[in-house]
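Take a look at the letters that make up each chain.
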Amino acid sequence: MRFARALRWPLAAATAALFVLPAAALPSAHAETPGRTEVPVDRRGDIEVTRVTWDAPLPEGSASHPESCDTLSFLRYRFADGPSDAQDADAIVSAQAGNIGGPSSLGTLAVSTLHKLRAAGTTAEYWVMARRPVCLEDRTGMSAAVRARDYRLALDYYFRGQPVNGRTWTGWADIAQQQWLADYGLKQTIEDWHVVNRSEIPSAADRKARLFLTGHSLGGPLTSDYGQWEFADGPGYAQIAGVMGVDGPIRSDPFLVKQFGLQPVADVYAMIGMPVAQAVLDAGIAPQSTQFGIANTGDLFNLINIAGIAARFEPESESLIPQAIPRTPFWDIVLGTLFPGGPDFREWRLTNAAVLGALIGKVSMPSVGVQAGFGTFEGPVVEKRVVIPPELTQLPVVGGMLKVVSSNRLVRPADPVGRLNGWLDYDDLDRAQDGGAPFTTPEEQVAALADVAVDVGAGDLGYTTAFDSNRQLLDMAFAGTGYRGGDLAGLRHADYLDRVPNVTVIGDIWRPYQQLGPNLGLPWLEFGQPAAAVYAHNFSHLDMVAGAERQNSGRPEPVSSTAADFILGVLGNR
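Residues numbered from 1 in each chain as written. Predicted model: local features only at pLDDT ≥ 70, side-chain atom pairs only at ≥ 80, totals over all residues. Heavy atoms only, no water.

Asks: Explain the packing of aromatic side chains here, please?
Replies: The geometry of an aromatic ring pair is captured by two quantities: the separation of the ring centres and the angle between the planes. A complete count under the given rule lists 22 aromatic pairs for this structure. For the pair phenylalanine 212 and phenylalanine 566, a centre-to-centre distance of 6.1 Å together with 80 degrees between the ring planes defines the contact as edge-to-face. Of this pair, phenylalanine 212 sits in strand β6 (residues 211–216) while phenylalanine 566 sits in helix α18 (residues 558–572); the two residues are 354 residues apart in sequence, bridging distant segments of the chain. Both residues of the pair, phenylalanine 212 and phenylalanine 566, belong to the buried class. Ring geometry for phenylalanine 339 and phenylalanine 345: centres 4.2 Å apart, planes at 5 degrees, overall stacked. As far as the burial class goes, phenylalanine 339 and phenylalanine 345 line up, both buried. One aromatic cluster is present, built from ring pairs that chain together Tyr157, Tyr158, Trp169, Trp172 and Phe467. (Phe/Tyr/Trp six-rings, centres within 6.5 Å; stacked < 30°, edge-to-face > 60°. Helix = DSSP H or I, 4+ residues; strand = E, 2+ residues; numbered from the N terminus. Buried < 20%, exposed > 50% of the residue type's maximum accessible area, 1.4 Å probe, protein only.)

This is the structure in structure tokens:
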């Protein structure tokens, strides 16, 4: 057993290297379709991953934007030995990632769902949309690093000014270059999604029979909005076979505005607030996306992406990433928040796997919203204190909600600078200090490092996006209150869940909201998530799309299992 574990990382790295594919035109049933291209980007065992792109110009009158923003793309996951034409698949899942999430963030969930469906005799495909603003990102360094299986190329490109293929990183799109995002709201996002689904499956009857929508986090409300939308060719709910929410609400009134009779108040607020918010965005007073000024969230996303590439291909090698982090106020604040009270993270000695674990691992990352349970540090550890005292997470009612920004039982290496600190996979905790206790348990570690590394360490259409539109977020906030004026007028079918099969799966981040009513003695109060939602115990927000197919608990991985069972149930009832 120990011998097999010792071989696991080299074999995983070799397998990942074997399945990185060069970008070349891919023959398919759509090969001659004008305005459509498809190229291979990856291979995950028996699953082929391609990037499909459609020509789709922004509306006339849109602000100046790069030519690449007049296209729509998605990652297509399908069995390499399966049908090349989606028309021949039994089912198609069309998905949206969460806020600041890119298509590869749903990679493991896509693969696991397809495997479970095939085991039941159903051939399916899984498509993960790239929202249009990804066109502002420069993925040159990431794509080159994945093709070469060498994270140093990306590290040099984004953090050391070194060219790749004759191109040099010039930084992030500034406020002026993002100005077109002021008009990129919910309506455009939903219409874009429908353009892709309709282009790939032209027949509305076929879409109704085989197309399932799903979304993680923010993708849940987007899925809801699609079902409620009145498109030019009919209601959204009438063109889909079913809806699945993954740690994101899919109800049209998730926060009970109508139930409490607050719709008139919400409408007045929206009628005043939406024009003001739009004017602020148009004037450039407020940022158009999460990437602006000194708040270089994109730099943090790039660092995590590079850590994923490094952990994917060289998991056990000592990492060059910590020492490459710039000494700037932004990074001082980030590192001081993530790793307080110890030596400067830039001085830590970690393997590449341990760098990824330190950045987003459940035992290290303070926020349950951006952590995944894929193991723990190898060797001696000590407790790590964070900015918001973890004791507050134990308070009744509000404690669970505080876990969004603070987690308890976090650790760091006891000697981060003297010895080389490695990483133990989710199913390897018997080798950890005291078996992980009291900081974690095997049941709390639910994702495999190899899967997380492939998701995070993507080249094309990555794990995160720095340019999700703030206009879209504002529109969704007002839509969530039930407002249906202006650009939200397309949301005409609030009762869509009564007309289409649906299921919701939630993890630890939404569980406190689901239990809020019962905890207050009000079982009828279903705030945020319904009582019927399936609860994935010990799954963080990111675990919901990264769960290993083989769980330490011995039980089936709950998210893909629920999705597959739901799809099979709907198809079986036809």
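Asks: Honestly, the state of the cysteines in this entry has me stumped. Any pointers?
Replies: Cysteine pairs can be covalently joined through their sulfur atoms, and such a bond is termed a disulfide. Going through the model one piece at a time under the given rule, you end up with one disulfide. Between the sulfur of cysteine 69 and that of cysteine 135 lies a disulfide, 1.9 Å long from S to S. Taking the sign of the torsion about the S-S bond as the criterion, the disulfide between cysteine 69 and cysteine 135, at about 90 degrees, is right-handed. Of this pair, cysteine 69 sits in the loop between β2 (47–55) and β3 (71–79) while cysteine 135 sits in the loop between β5 (124–130) and α3 (140–148), and the two are 66 residues apart along the sequence. Both residues of the pair, cysteine 69 and cysteine 135, belong to the buried class. (Disulfide = S-S within 2.5 Å.)

Asks: Would you explain the packing of helix α2 (residues 107–119) against α18 in this entry?
Replies: To characterise two packed helices, one gives the angle between the axes of the helices and the distance between these axes. Packing of α2 against α18 brings their axes to within 9 Å, and their N-to-C directions diverge by 45 degrees. Classed by the angle they form, the pair α2 and α18 counts as oblique. Of the two possible hands of crossing, α2 and α18 adopt the one that is right-handed. Side by side, α2 and α18 meet where Leu109, Ser112, Thr113, Lys116 and Leu117 of the first sit next to Val559, Ser560, Ser561, Ala563, Ala564, Ile567 and Leu568 of the second. (Axes fitted to C-alpha atoms, helices over the stretch in contact; angles between N-to-C directions. Parallel < 35°, antiparallel > 145°, perpendicular 65-115°, else oblique. Left-handed = near helix turned anticlockwise from the far one by under 90°. Contact = heavy atoms within 4.5 Å.)

Asks: What is the right way to look at the pattern of salt bridges in this model?
Replies: Two side chains bearing opposite charge may form a pair once their charged atoms approach each other closely. Per the counting criterion, the structure on display carries 30 salt bridges. In this structure, the salt-bridge partner of arginine 78 is glutamate 48, at a minimum N-O distance of 3.0 Å. Of this pair, arginine 78 sits in strand β3 while glutamate 48 sits in strand β2, and the two are 30 residues apart along the sequence. Residue classification places arginine 78 among the buried residues on the basis of a relative accessible area of 8%. On the accessibility criterion, glutamate 48 (13% relative accessible area) is buried. Across the pair arginine 471 and aspartate 487 runs a salt bridge whose closest N-O atoms are separated by 2.8 Å. Placement of arginine 471 in helix α15 (residues 470–480) and of aspartate 487 in the loop between α15 and β14 (502–506) is noted, with a sequence separation of 16 residues between them. The exposure class of aspartate 487 is partly exposed, given its relative accessible area of 35%. (Salt bridge = Lys/Arg side-chain N within 4 Å of Asp/Glu carboxyl O.)

Asks: Help me understand the packing of helix α9 (residues 297–313) against helix α12 (residues 352–360) in this model?
Replies: Viewed as axis vectors pointing N to C, α9 and α12 meet at an angle of 145 degrees, and their least axial separation amounts to 8 Å. For the pair α9 and α12, the crossing hand works out as left-handed. Contact residues: Leu303, Ile304, Ala307, Gly308, Ala310 and Ala311 in α9; Asn352, Ala353, Val355, Leu356, Leu359 and Ile360 in α12. Its residues placed into classes, the contact of α9 with α12 shows ten nonpolar, two polar and no charged. (Nonpolar A, V, L, I, M, F, W, Y, C, P; charged D, E, K, R; others polar.)

Asks: Mind showing me how you'd approach the pairing of β14 here?
Replies: Two faces make up the sheet, and in a regular strand the side chains alternate between them. When you tally the buried positions in β14, you get four out of five residues, the bulk of the element. Note: strand β9 (residues 242–246) against β14, four bridges, orientation parallel. Opposite valine 246, over in β14, you have valine 505 as the bridge partner. The sheet contact formed by β14 and strand β15 (residues 534–535) spans two bridges and is parallel. By the bridge assignment, isoleucine 506 is partnered in β15 with tyrosine 535. (Pairing = 2+ DSSP bridges.)

Asks: Looking at this structure, how should I read the nonpolar core?
Replies: Side chains of a nonpolar character, in soluble globular proteins, are inclined to be buried together. Ranked by internal contacts, the top residues of the largest apolar core, which has 68 residues, are Ile306, Ile321, Leu356, Leu359, Phe374 and Phe377. Going through the elements one at a time, α3, α4 (151–159), α9, α10 (321–324), α11 (329–338), α12 and α14 (449–456) are the ones with two or more residues in this core. Element by element, the count of residues in this core is highest for α9, at nine residues. Sequence-distant contacts of phenylalanine 377, that is, excluding residues within four places in its chain, are made with Leu350, Ala354, Ala358, Val363, Ser364, Val411, Arg412, Pro413, Gly422, Trp423 and Leu424. Core analysis: the next-biggest nonpolar cluster, separate from the first, contains 38 residues, Ala95, Leu114, Phe212 and Val246 among them. (Core = buried A, V, L, I, M, F, W, Y, C linked by side-chain atoms within 4.5 Å.)

Asks: It is not clear to me how the side chain of glutamine 551 should be interpreted in this structure. Could you clarify?
Replies: Relative to the elements of secondary structure, glutamine 551 occurs in the loop between β15 and α18. A polar contact of 2.8 Å, which involves the side chain of glutamine 551, links it to the backbone oxygen of alanine 548. Every residue in contact with glutamine 551, bar those within four places of it in the chain, is listed here: Val446, Phe539, Pro556 and Glu557. (Polar contact = N/O pair within 3.5 Å; in protein donor to acceptor, adjacent residues only side chain to side chain.)

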